[in-house]
Amino acid sequence: MSLDALKSAIPDYAKDLKLNLGSVIGNSDLPAQQLWGTVLSTAIASRSPIVLRELEPEAKANLSPEAYTAAKAAAAVMAMNNVFYRTRHLLSDHEYGTLRAGLRMNVIGNPGVDKVDFELWSFAVSAINGCGMCLDSHEQVLRKAGLDRDVIQEAFKIASVIQAVGVTLDAEAVLAE
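Residues numbered from 1 in each chain as written. Predicted model: local features only at pLDDT ≥ 70, side-chain atom pairs only at ≥ 80, totals over all residues. Heavy atoms only, no water.

Now for the packing of helix 3 (residues 32-45) against helix 9 (residues 149-176). Remark: helix 3 packs on helix 9, axes separated minimally by 9 Å, with the N-to-C direction vectors making an angle of 40°. Our pair here, helix 3 against helix 9, has a crossing hand that is right-handed. The segment helix 3 lies against helix 9, with Gln34, Leu35, Thr38, Val39, Thr42, Ala43 and Ala45 engaging Val151, Ala155, Ile158, Ala159, Ile162 and Gln163. Residue composition of the contact of helix 3 with helix 9, by class: 9 nonpolar, 4 polar and no charged. (Axes fitted to C-alpha atoms, helices over the stretch in contact; angles between N-to-C directions. Helix = DSSP H or I, 4+ residues; strand = E, 2+ residues; numbered from the N terminus. Left-handed = near helix turned anticlockwise from the far one by under 90°. Contact = heavy atoms within 4.5 Å. Nonpolar A, V, L, I, M, F, W, Y, C, P; charged D, E, K, R; others polar.)

Below you can see the structure in the form of structure tokens.
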């Protein structure tokens, strides 16, 4: 199946999601690698089997093998980092912020693709996972690299729509049982 199949599975009450999904992917101004890496990494982060199953083949077809692997790596490392840094941030005891993390995250330094693309994917995953510290950190790196706010917003628009589609379709699947 595909993006079209995913859109057709969205119920009528969520017509806005169907339109937004087509818009954020079909009308994106992002270069193909940034777009499809964002789509793949956020589909993974959405935790929706339906969304991932439908979007992964198109992402794989539009990404180099290195970018495909890097997008999956962004979702993986940010799944860890978003929990760790969000927890540090939310704890009242700020001394945790002074402790050494002691977690390996080498892929951030050497993702195998353009660092800006990897940062954009990490940012989009952080939007789904709700880590404010990670969002700020990745946004600052992206802005320093020269990305405009419109480009950065494009990534979190994609993340928000993919997350919403996943929630909606997974709920429908449960309700149909």
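Having seen it, we continue.
Right, let's get into the nonpolar core. One recurring pattern in soluble globular proteins: nonpolar side chains tend to sit buried together. The biggest cluster of nonpolar side chains holds 51 residues, and the ones touching the most others in it are Leu21, Leu55, Phe118, Trp121 and Val165. Mapped onto this core, the elements with two or more residues apiece are helix 1 (3-9), helix 2 (15-26), helix 3, helix 4 (49-62), helix 5 (65-90), helix 7 (115-129), helix 8 (132-144) and helix 9. A per-element tally of this core places helix 5 first, with 10 residues. When neighbours within four sequence positions are excluded, phenylalanine 118 is seen to be in contact with Ala70, Ala73, Ala74, Val77, Val107, Ile108, Pro111 and Val113. (Core = buried A, V, L, I, M, F, W, Y, C linked by side-chain atoms within 4.5 Å. Buried < 20%, exposed > 50% of the residue type's maximum accessible area, 1.4 Å probe, protein only.)

Its 14 residues give helix 3 an end-to-end C-alpha distance of 20 Å, which sits within 8% of 20 Å, the value for a rise of 1.5 Å per residue. For helix 3, the tally of buried residues reaches 11 of 14 residues, placing the bulk of the element in the interior. Turning to helix 3, its buried residues number three or more, namely Gln34, Leu35, Trp36, Gly37, Thr38, Val39, Leu40, Ser41, Thr42, Ala43 and Ala45. Two residues or fewer past helix 3, arginine 47 is found with a positive phi of approximately 65°. (Expected span 1.5 Å × (residues − 1).)

Next up on the list: the UniProt feature "domain: Carboxymuconolactone decarboxylase-like" (unreviewed entry) in the protein. The sites that UniProt annotates as "domain: Carboxymuconolactone decarboxylase-like" (unreviewed entry) are residues 96-176. Along residues 96-176 the backbone is 74% helical and 0% strand, and the end-to-end C-alpha distance reaches 45 Å. (UniProt positions renumbered as here; feature names shortened; annotations may be inferred.)

Turning to the pattern of salt bridges, a few remarks are in order. Per the stated rule, a full pass over the model turns up 3 salt bridges. Residue aspartate 4 pairs with lysine 7 through a salt bridge whose shortest N-O separation is 3.9 Å. In this pair, aspartate 4 and lysine 7 are both assigned in helix 1, 3 residues apart and thus about one turn of the helix distant. When its relative accessible area of 53% is taken as the criterion, aspartate 4 is described as exposed. A salt bridge links lysine 115 to glutamate 119; its shortest N-O distance comes to 3.0 Å. On the criterion of helical spacing, the pair formed by lysine 115 and glutamate 119 is a turn pair, its members being 4 residues apart in helix 7. (Salt bridge = Lys/Arg side-chain N within 4 Å of Asp/Glu carboxyl O.)

Going through the model one piece at a time under the given rule, you end up with 2 aromatic pairs. Between phenylalanine 84 and tyrosine 85 the ring centres are 5.0 Å apart and the planes differ by 90°, which places this aromatic pair in the edge-to-face class. (Phe/Tyr/Trp six-rings, centres within 6.5 Å; stacked < 30°, edge-to-face > 60°.)

In this fold, serine 64 is placed in the loop between helix 4 and helix 5. Residue serine 64 is classed as partly exposed on the basis of its relative accessible area of 29%. Sequence separation of serine 64 and valine 77 is 13 residues, and the distance between their C-alpha atoms is 20 Å. Of the polar contacts made by the side chain of serine 64, one reaches the backbone nitrogen of alanine 67; its length is 3.0 Å. (Polar contact = N/O pair within 3.5 Å; in protein donor to acceptor, adjacent residues only side chain to side chain.)

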